[in-house]
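As a plain string of letters, each chain reads:
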Amino acid sequence: MKNTDMIEMTPEVQTAGVVIPSLFERPIFGPARIEETEGLVEALGVKLGFSDAIRVRKPNASKLFGAGQLDIIADKLEDNEASLLIVDSVLSPIQQRNLEKHLNVKVMDRTGLILEIFGVRARSAEGRLQVEMARQLYERSRLVRTWTHLERQRGGTGFLAGPGESQLEADRRMLDLRIAKLKSDLEAVRRTRRLQRAGRKRRGAPIVALAGYTNAGKSTLFNRLTNATVFAADMPFATLDPTARDVELSSGKKISLIDTVGFITDLPTHLIESFRATIEEAIEADLLLHVRDISHPETDRQAWDVEDVLRQLEKETETERPPVLEVWNKADALSEDVRGVMEATAQNRDDVVMTSATSGQGVDTLLAVIQEKIFSTSREFEMKLEPRMGKARAWLHTHCEIVSENVDESGNIILVAQMSARELSHFAHEHEDINVDEIILSSRNIDFES
Ligand SMILES: Nc1nc2c(ncn2[C@@H]2O[C@H](COP(=O)(O)OP(=O)(O)OP(=O)(O)O)[C@@H](O)[C@H]2O)c(=O)[nH]1
Ligand SMILES: [Mg+2]
């Protein structure tokens, strides 16, 4: 079946028109949202013909827009010689098809658009696999019984219709097979990532992940902190694949810093599901830097949307997020007055650091706070493991730095492991048959070895 006709089209697409519908009585979208959508279109590599925010009071089930609105859109498409219409909202498969027929152009909704950009951006084998999976899931969710499917039903109509499998069911089955294969391939990717993480942990370098809304400056900050040159650009989804580099703090201790894919409002759930291996880097870190573009007019809404994705991830992976440090980036882009107010707020909070990744302002403070957050919380735990606790012992060896290990006269293992509070609670969570308080003999503050 044809599953990526959006993709096949893209090279021919010259100009796109964009409409941003605000549904019901919601306030019409302002310049910030329009600019974001325009950025997405630019990221797709097509020319922007026009972009309009329009109010849709009563969404039309078959075409979303009313007849008058459709006439206006048709005119604009024609004036701009556009061959693609992007509707920055959710379209049902039927609405999409009807709009395409009515307007005689290719039509894409927000999810389709974001998937498409990810497709263009994916470079690594892993990235491509993740995008492919997201796309198949998207297609699967959009398989509906439409006239095409009825027409293609095998053996005509009536109860003598042959094997009884409609084209729709055949399509579904094919997609399901493909999705199952991709799932297992991606599971392999996740395993590899888990091993890499465990490796990094064994080396003793705590993991600090940069996460946040797309275009907030994560990669720019990453480059500044690591002297790396990962791709950073004024466009959404510049980064798809996570990159890790060691950073030496002023104390000589090392952390492993990870740059990750950015989030966006209404990030398609299929993408979250597919990019799980990548996004998991953030939730599995020892410290999460939530990088925010504090100069953005909708910075608070962006922060909420990031929060949403994190909450969803926590639920799905049954993992609690690590401590979060908010990085209020792009401080240089604020007016002096606002900057003063923000700075005062940041100084009063121990979970906020203000930076400018481009000028370097605040970066030393950030490093100092990272140092404090991470290295003051790791402790050495001396534990007594009974012989039956082999699984717990294996877990500790995989996840923690083991300082020493001995066997006492009764065959119990006396083990000293370095753990953060977070790892300890993770350990307790994974081993509910063990009373962690009982097996801990002693604990003391330590320093990580670099
Ligand atoms: N003025 C200003 N611009 C910045 C700052 N940090 C980053 N930028 C700019 O913001 C844009 C996006 O930066 P990136 O580092 O690519 O952002 P990102 O968060 O990695 O974005 P994605 O990978 O797309 O999620 C680039 O044009 C940067 O030059 C800053 O502190 N001040
Ligand atoms: Mg980036």
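Per an unreviewed UniProt entry, the recorded name for the protein is GTPase HflX, and the organism is Hirschia litorea. UniProt, in the comment section headed Sequence similarities (unreviewed entry), describes the protein in these words: "Belongs to the TRAFAC class OBG-HflX-like GTPase superfamily. HflX GTPase family."

A. A look at the overall build of the protein. Looking only at helices and strands, one finds 17 helices and 14 strands in the protein. In the protein, buried positions account for 35% of the 450 residues. A sequence separation of at least 24 residues applies to 69% of the contacts in the protein between residues at least 6 apart.

B. Focus on the packing of helix H11 (residues 276-283) against helix H12 (residues 299-317). At a minimum axis separation of 11 Å, H11 and H12 run at an interaxial angle of 100 degrees. Put simply, H11 runs roughly perpendicular to H12. Of H12, the residues touching H11 (which contributes Ile279, Glu280 and Ile283) are Leu310, Leu313, Glu314 and Thr317. Of the residues assigned to the contact of H11 with H12, the class counts are four nonpolar, one polar and two charged.

C. Summary view of the sheet that holds strand E11 (residues 379-385). Strand order in this open sheet of four strands is E12-E13-E11-E14, and the pairing throughout is antiparallel. A single partner strand is all that each edge strand has here, and the edge strands are strand E12 (401-407) and strand E14 (440-445). Geometrically, the sheet is characterised by an average inter-axis angle of 15 degrees between neighbouring strands, direction not taken into account. Both E12 and strand E13 (residues 413-419) contribute to a ladder of six bridges, which runs antiparallel. Paired with Ile402 across the two strands is Ala417, which belongs to E13. Here helix H15 (residues 390-399) sits on the sheet in contact with E11, E12 and E13, set at roughly 35 degrees to E13.

D. Structural detail: the domain arrangement of the protein. Once the domains are mapped, the protein shows domain 1 (5-119), domain 2 (122-186), domain 3 (204-375) and domain 4 (379-445). Domain 3 and domain 4 are separated by 31 Å when their C-alpha centres are compared.

E. The site of ligand 1, seen in detail. Within the structure, ligand 1 sits among 22 residues, and Gly217, Ser219, Asp234, Thr239 and Gly262 are positioned closest to it. Counting residues per element, the shell around ligand 1 draws most heavily on helix H9 (residues 218-226), which supplies three residues. Here the residues of the shell around ligand 1 sort into eight nonpolar, 10 polar and four charged.

F. Highlighting the environment of Ser22. In this fold, Ser22 is placed in strand E1 (residues 15-23). Along the chain, Ser22 and Ala53 lie 31 residues apart, while their C-alpha atoms are 7.2 Å from each other. Here Ser22 is in contact with Pro27, Ile28, Phe29, Ala53 and Arg55, once residues within four sequence places are set aside.

G. Representation of the pairing of E13 within the structure. With five of its seven residues buried, E13 lies for the most part within the structure. Pairing between E11 and E13: seven bridges, direction antiparallel. The residue bridging Met383 from the neighbouring strand is Leu415, located in E13. The antiparallel hairpin formed by E12 and E13 contains five residues in its connecting segment, where Gly411 sits at a positive phi of about 90 degrees.

H. The arrangement of the nonpolar core in detail. Counting 79 residues, the largest nonpolar core has Leu85, Ile86, Phe118, Val208, Ala209, Leu210 and Leu289 as its most contacted members. Residues in contact with Val208, not counting those within four places in the same chain, are Ile255, Leu257, Ala285, Asp286, Leu287, Leu289 and Ile370. Met383, Cys400, Ala417 and Met419 belong to the second largest nonpolar core, which has 10 residues in total.

I. Representation of the sheet that holds strand E4 (residues 106-109). Ordered in space as E2-E1-E3-E4, the four strands form an open sheet in which the pairing is parallel. The open sheet has two edge strands with one neighbour each: strand E2 (47-56) and E4. In this sheet, adjacent strand axes meet at a mean angle of 20 degrees when their direction is disregarded. As judged from the nine bridges shared by E1 and E2, these two strands associate in the parallel manner. Looking across to E2, one finds that Gly17 is bridged to Phe50. Docked against the sheet, helix H3 (residues 67-79) engages E1, E2 and strand E3 (84-87), running at close to 160 degrees with respect to E1.

J. Summary view of the confidence of the model for the protein. Averaged over every residue, the pLDDT of the protein is 84; the share at 70 or more is 89%. Counted against residues more than four places away or in other chains, residues 146-162, with its pLDDT under 50, gives 18 contacts. Predicted complex, confidence summary: ipTM 0.99, pTM 0.76.

K. Broad picture of helix H4 (residues 93-103). Of all the residues in H4, the buried ones are Gln95, Gln96 and Leu99. For H4, the angular spread of the buried residues around the axis is 100 degrees, confining them to a single face. Once H4 finishes, Asn104 follows within two positions and takes phi at roughly 60 degrees, a positive value.

L. Structural context of the packing of helix H5 (residues 110-121) against helix H6 (residues 125-142). For the pair H5 and H6, interaxial distance at closest approach is 9 Å and the crossing angle is 155 degrees. Considering their axes alone, H5 and H6 lie roughly antiparallel with respect to each other. Crossing angle aside, the handedness with which H5 passes H6 is left-handed. Counted together, Thr111, Leu115, Phe118 and Gly119 of H5 and Val131, Ala134, Arg135 and Tyr138 of H6 form the full contact between these two elements. Of the residues that constitute the contact of H5 with H6, the class distribution is five nonpolar, two polar and one charged.

Conventions used here
Residues numbered from 1 in each chain as written. Chains lettered and ligands numbered in written order. Predicted model: local features only at pLDDT ≥ 70, side-chain atom pairs only at ≥ 80, totals over all residues. UniProt positions renumbered as here; feature names shortened; annotations may be inferred. Helix = DSSP H or I, 4+ residues; strand = E, 2+ residues; numbered from the N terminus. Buried ≥ 20, exposed ≤ 12 C-beta atoms within 10 Å, placed from the backbone. Contact = placed C-beta atoms within 7 Å. Axes fitted to C-alpha atoms, helices over the stretch in contact; angles between N-to-C directions. Parallel < 35°, antiparallel > 145°, perpendicular 65-115°, else oblique. Nonpolar A, V, L, I, M, F, W, Y, C, P; charged D, E, K, R; others polar. Pairing = 2+ DSSP bridges. Domains from an automatic or database assignment. Near = placed C-beta within 6 Å. Core = buried A, V, L, I, M, F, W, Y, C linked by C-beta atoms within 7 Å. pLDDT = per-residue confidence, 0-100. Arc of directions from axis to C-beta. Left-handed = near helix turned anticlockwise from the far one by under 90°.

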